[in-house]
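# Summary of structural features
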Amino acid sequence: MSDPNEPRNPIARWLYRYDRMLRLGHEAEVIRELRDEDDLFLFMCFSEMLGVPNPVSYHTLELYPLIIEEFHEWHRRMGMEHSPLDHIRCC
Amino acid sequence: MNAVWLAFIAGLIYILGWRYYSKFLAERIYRLDPNFITPANRYNDGVDFVPTNKWVLWGHHFTSVAGAAPIVGPAIAMYWGWLPAMLWVVLGTVFAAGVHDFGALVLSARHKGQSIGTLANRLVGRRAKLLFLFIILILVLMVNAVFAWVIANLFISNPAAVLSVFIQIPLAIWIGYAVLRRKGNMLIPSLVALAVMYGAAVVATYVPALQIDLVGWMGGEQATNVMFGLDAVGASFLIWILILLAYVFVASTLPVWKLLQPRDYINAQQLVVGLLLLYGGLLVAAPTVTAPAFNSEATTSWFPLLFITIACGAISGFHGLVASGTSSKQLNKETDARTIGYLGAVGEGTLALITILAVATFFASTTDFHEAYSSFAAAGAGGVGNFVGGAGELISGLGIPAAVGQTIVAIIIVSFAATTLDSAVRLLRYIIGELGVEYGAPKLSQRYVATFIAVFLTALLVLLPDGGRGLGSGGFLLWPLFGTSNQLLAGITLMLISLWLYRQGRSPLPTLVPMVFLLTMTVWAMIQQVVFTWSGLGEADAQWLLFILGAIILGFAIWILLEAVRLFRNPEELKRLAEREAREAE
């Protein structure tokens, strides 16, 4: 399969593949942990909508434009086809 | 005889096996289909199921399966001379290991990427799954005990290696934090880590102040009654084992990316570097083989013990776990399975081969060999040390001083064994937790409780049996048991592949023959050891721990054999299981 990130230069490509080969098994684990953290972060941002009082909601509100893409992926991952929040229409 | 010739002949057989036998397997037996949609493509989730370039996956598979075991087994098996060991490593790889790893990969890919344990449940029934869990439990415990022993032993005989091994821990944590979490390139940092480690090894080899030499600090080998009535070597052993156990307790409870994974990454580099250094050294130095082809003075028979002493290196059940656990979920095309499964086994075979050649060329004369390998127990105690010495000599062919080479080889083995130890304790923790949930004891599934039990059981196994060298030598007494449980696992995997092939109406002979051979040898060796050696019926004194553990494994081995015979003789039940499987697949 062709990897879009693979460099064209033969030596760089060889080194890239070698690095991929060694880190392959670790990536899944790291991706999973990073996702868990992101989910926690999003949960913090949207906790008020779930009825959990959030003392910093004023600040997290400012983050919304920046995390809209992530929010979209998150609700898809949580099994919701469309955004569950009326005022955030990412899709 | 020149050792290069042996490497050349073995290499040629590997190439022929890969070129012709694996092609035959791919086309006639496993019938790989380039149009089959593999689980990686069907369930691509970006995490576990990811279609991967075949060479990348091959490298990953190879570095995951190769550890300290293909070094320890052959180094001990040199007791019978280099020829039996080499024949089994070469022919076993071509006709058993390759078939096994390749088959496990195909079988799993054809069953949604499920692992061998799950497949055992589906293809043979619940009993097999239970059996499977117990074998893995015993296997993992054994791995812990044996590798803790290996590391403590190497620390005592190579004090210059200790510093580098300790340096690896903060370096790995740094890589974990700085690179792995930020998706940066790991290649350069891990090469820097390697350079620092080996640099420290070179310095420590020449500066005694940097060597952590517990035996020396306690007054040298002749010092007696240092503590608890132990001599200096025994006391150092106890201290190292306790330090190691404390370390694995911490390491196996940390999140994987903090220590385990970056360490694994650095070690995979070490494997590549080590193989290049050893084979490079072999080619340049072209040493003469001084060990005998057959050790005529051996009092313990090589048949059938050889086949359980060399576990990884020729066929190994652990490979099936890796092949069906992770590699099958990343297979891009089914036809790639030939490269990944078969050539992965050949990769491990080359590591076992260089071990044999390093030991075979280490001794100045055949008399020296006979002295070092005077008995099977002596082979067990000194085998790894002989490899370290021989490998140091090989590396010296590249202009690196033999003492530095030895330290580097010791670091490589300790690193391999230590990561296996980390992962094995973690695995043991999961199994204990799972059993706890199963039997209504949820406390057992708590992280620290389960880890404590795992570490405690390991400590018991390493420290309790009083082997030939006093306290702590329990680890090597257990080596034949490790071999048998590992071969048993391989036998189960081969049985599953055979059943699957049989049900598909294809010839199961290429998997059935190694299965029958392997299980016969395992059961034979077990009966010999359990009944005649450990029970006290023979000339030797009874060894209860080995007897009990051995008897359990022997029971499992016979059970598996009967299970296989029953299914092959009962096509009706096989059909029922197939129907059930088809229903579940829908």
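Residues numbered from 1 in each chain as written. Chains lettered and ligands numbered in written order. Predicted model: local features only at pLDDT ≥ 70, side-chain atom pairs only at ≥ 80, totals over all residues. Heavy atoms only, no water.

In the annotation of an unreviewed UniProt entry, the entry for chain B reads Carbon starvation protein CstA, and the organism field reads Alkalilimnicola ehrlichii. Per UniProt, chain B has the following entry under Sequence similarities (unreviewed entry): "Belongs to the peptide transporter carbon starvation (CstA) (TC 2.A.114) family." (UniProt positions renumbered as here; feature names shortened; annotations may be inferred.)

As annotated in an unreviewed UniProt entry, chain A carries the name DNA helicase and is attributed to Alkalilimnicola ehrlichii.

### Quick notes on the overall build of chain B
The secondary structure content of chain B amounts to 24 helices and zero strands. Its C-alpha atoms give chain B a radius of gyration of 23 Å, within 12% of the compact-globule value 25 Å for 586 residues. Its C-alpha atoms give chain B principal-axis dimensions of roughly 70 × 60 × 60 Å. For chain B, buried positions account for 60% of its 586 residues. About 21,800 Å² of surface is accessible on chain B, with carbon and sulfur atoms providing 66% of the total. Across chain B, the 33 positively charged side chains and the 29 negatively charged ones have centroids separated by 13 Å. (Helix = DSSP H or I, 4+ residues; strand = E, 2+ residues; numbered from the N terminus. Rg over C-alpha atoms; globule rule 2.2 N^0.38 Å. Buried < 20%, exposed > 50% of the residue type's maximum accessible area, 1.4 Å probe, protein only. Areas by Shrake-Rupley, 256 points an atom, 1.4 Å probe, with all protein chains shown as cover. Lys, Arg positive; Asp, Glu negative; His and termini not counted. Charge placed at Lys NZ, Arg CZ, Asp CG, Glu CD.)

### Considering empty space enclosed by the protein
Residue and element names in this part refer to chain B. The final tally for this structure, using the stated rule, is one cavity of 30 Å³ or more. The volume enclosed by the largest cavity comes to roughly 100 Å³. Along its surface, the largest cavity is lined by 13 residues, and Ile-71, Gly-274, Leu-278, Leu-351 and Ile-412 are the ones closest to its centre. Residue assignment for the lining of the largest cavity shows that the elements contributing at least two residues are helix H12 (260–285), helix H17 (376–396) and helix H18 (402–438). (1 Å grid on protein atoms, 1.4 Å probe; cavity = no way out; pocket = protein on both sides within 12 Å on 5 of 7 lines; lining within 4 Å. Points joined across faces, edges and corners; volume = space filled by probe spheres on them.)

### Focus on the pattern of salt bridges
Evaluation of the coordinates by the stated rule reveals three salt bridges over all chains. The shortest N-O distance in the salt bridge between A:Glu6 and A:Arg17 comes to 3.1 Å. With A:Glu6 in the segment before helix H1 (10–45) and A:Arg17 in helix H1, the pair connects residues that are eleven residues apart, well separated along the chain. Here A:Arg17 falls in the partly exposed class, since its relative accessible area comes to 26%. Taking the shortest distance from any N to any O, the salt bridge between B:Lys23 and B:Glu27 comes out at 3.8 Å. Remark: B:Glu27 and B:Lys23 occur in helix H1 (residues 3–29); sequence separation between them is four residues, near one turn of the helix. (Salt bridge = Lys/Arg side-chain N within 4 Å of Asp/Glu carboxyl O.)

### Digging into the packing of helix H5 (residues 82–109) of chain B against helix H15 (residues 337–360) of chain B
Residue and element names in this part refer to chain B. As a packed pair, H5 and H15 sit with axes 8 Å apart at the nearest point and diverge in direction by 160 degrees. Comparing their axes, H15 and H5 come out roughly antiparallel. The element H5 and its partner H15 pack so that their crossing is right-handed. Split by residue class, the contact of H5 with H15 holds 20 nonpolar, four polar and two charged. (Axes fitted to C-alpha atoms, helices over the stretch in contact; angles between N-to-C directions. Parallel < 35°, antiparallel > 145°, perpendicular 65-115°, else oblique. Left-handed = near helix turned anticlockwise from the far one by under 90°. Nonpolar A, V, L, I, M, F, W, Y, C, P; charged D, E, K, R; others polar.)

### A look at a negative patch on the surface
Residue and element names in this part refer to chain A. On the surface, a cluster of negative charge is contributed by Asp-38, Glu-69, Glu-70 and Glu-73. As for its position among the elements, Glu-69 is in helix H2 (residues 57–77). On the basis of relative accessible area, Glu-69 is assigned to the exposed category, the value being 56%. (Patch = residues over 30% accessible without salt bridge, like charges linked within 9 Å, V, L, I, M, F, W, Y side chains within 5 Å.)

### Some details on the interface of chain A and chain B
By a frequent convention, interface size equals the accessible area lost on bringing the separate parts together. Of the residues lining the interface, 21 residues belong to chain A; the matching set on chain B comes to 30 residues. Surface buried jointly by chain A and chain B totals about 2,400 Å² across both partners, of which 60% is contributed by carbon and sulfur atoms. Remark: the boundary between chain A and chain B carries zero salt bridges. Joining chain A to chain B, the criterion identifies three residue pairs in polar contact (both at pLDDT 80 or more). (Contact = heavy atoms within 4.5 Å. Buried area = accessible area lost by both parts, 1.4 Å probe. Polar contact = N/O pair within 3.5 Å; in protein donor to acceptor, adjacent residues only side chain to side chain.)

### Some remarks on the packing of aromatic side chains
Residues and elements named next belong to chain B. All told, the structure shown has 29 aromatic pairs over all chains when counted by the stated rule. Residues Tyr-79 and Phe-376 carry aromatic rings whose centres are separated by 5.6 Å and whose planes lie at 50 degrees to one another, so their mutual orientation is tilted. One end of the pair, Tyr-79, is in the loop between helix H4 (69–77) and H5; the other, Phe-376, is in helix H17, with 297 residues separating them in the sequence. Classification of Tyr-79 as buried rests on a relative accessible area of 0%. Ring centres 5.0 Å apart and planes at 85 degrees place the aromatic pair Phe-307 and Phe-517 in the edge-to-face group. On the criterion of sequence distance, the pair formed by Phe-307 in helix H13 (residues 302–309) and Phe-517 in helix H22 (residues 509–534) is long-range, its members being 210 residues apart. For Phe-307, a relative accessible area of 7% translates into the label buried. In this structure Phe-517 comes out as partly exposed when scored by relative accessible area, which is 30%. Here the aromatic residues Trp-88, Trp-302, Phe-303, Phe-307, Phe-517 and Trp-524 are joined through ring pairs into a cluster of three or more. (Phe/Tyr/Trp six-rings, centres within 6.5 Å; stacked < 30°, edge-to-face > 60°.)

### What about the nonpolar core?
Ranked by internal contacts, the top residues of the largest apolar core, which has 207 residues, are B:Tyr30, B:Phe147, B:Phe387 and B:Ile413. Considering every element that reaches this core, the biggest residue donor is helix H7 (residues 126–157) of chain B, with 22 residues. (Core = buried A, V, L, I, M, F, W, Y, C linked by side-chain atoms within 4.5 Å.)

### Quick look at H2(A)
Residue and element names in this part refer to chain A. The first and last C-alpha atoms of H2 sit only 24 Å apart over 21 residues, clearly below the 30 Å expected at 1.5 Å per residue. Helix geometry: H2 is bent most strongly at Ile-67, by close to 75 degrees. All buried positions along H2 are accounted for by Thr-60, Tyr-64, Ile-67, Phe-71, Trp-74 and His-75. Tucked into the core, H2 has its buried residues touching H1. (Expected span 1.5 Å × (residues − 1). Bend = angle between axes of the 7 residues up to and from the residue.)

### Observations concerning a nonpolar patch on the surface
Residues and elements named next belong to chain B. A grouping of Met-1, Trp-5, Phe-8, Ile-9, Leu-12, Ile-13, Leu-16, Tyr-20, Leu-87, Leu-91 and Phe-95 is seen on the molecular surface, where their side chains present a nonpolar patch of about 1,100 Å² in accessible area. Taken together, the elements giving at least two residues each to the nonpolar patch come down to H1 and H5. It is H1 that contributes the most residues to the nonpolar patch, seven residues altogether. Here Tyr-20 is to be found in helix H1. In this structure Tyr-20 comes out as exposed when scored by relative accessible area, which is 53%.

### Some thoughts on helix H3 (residues 54–65) of chain B
All names here are of chain B. The first and last C-alpha atoms of H3 sit 16 Å apart over twelve residues, in line with the 16 Å expected at 1.5 Å per residue. For H3, every residue scored as buried is listed here: Val-56, Leu-57, Trp-58, Gly-59, His-60, His-61, Phe-62, Thr-63 and Val-65. Backbone nitrogen of Trp-55 and a side-chain oxygen of the N-cap are separated by 2.8 Å at the start of H3; the cap is Asn-53.

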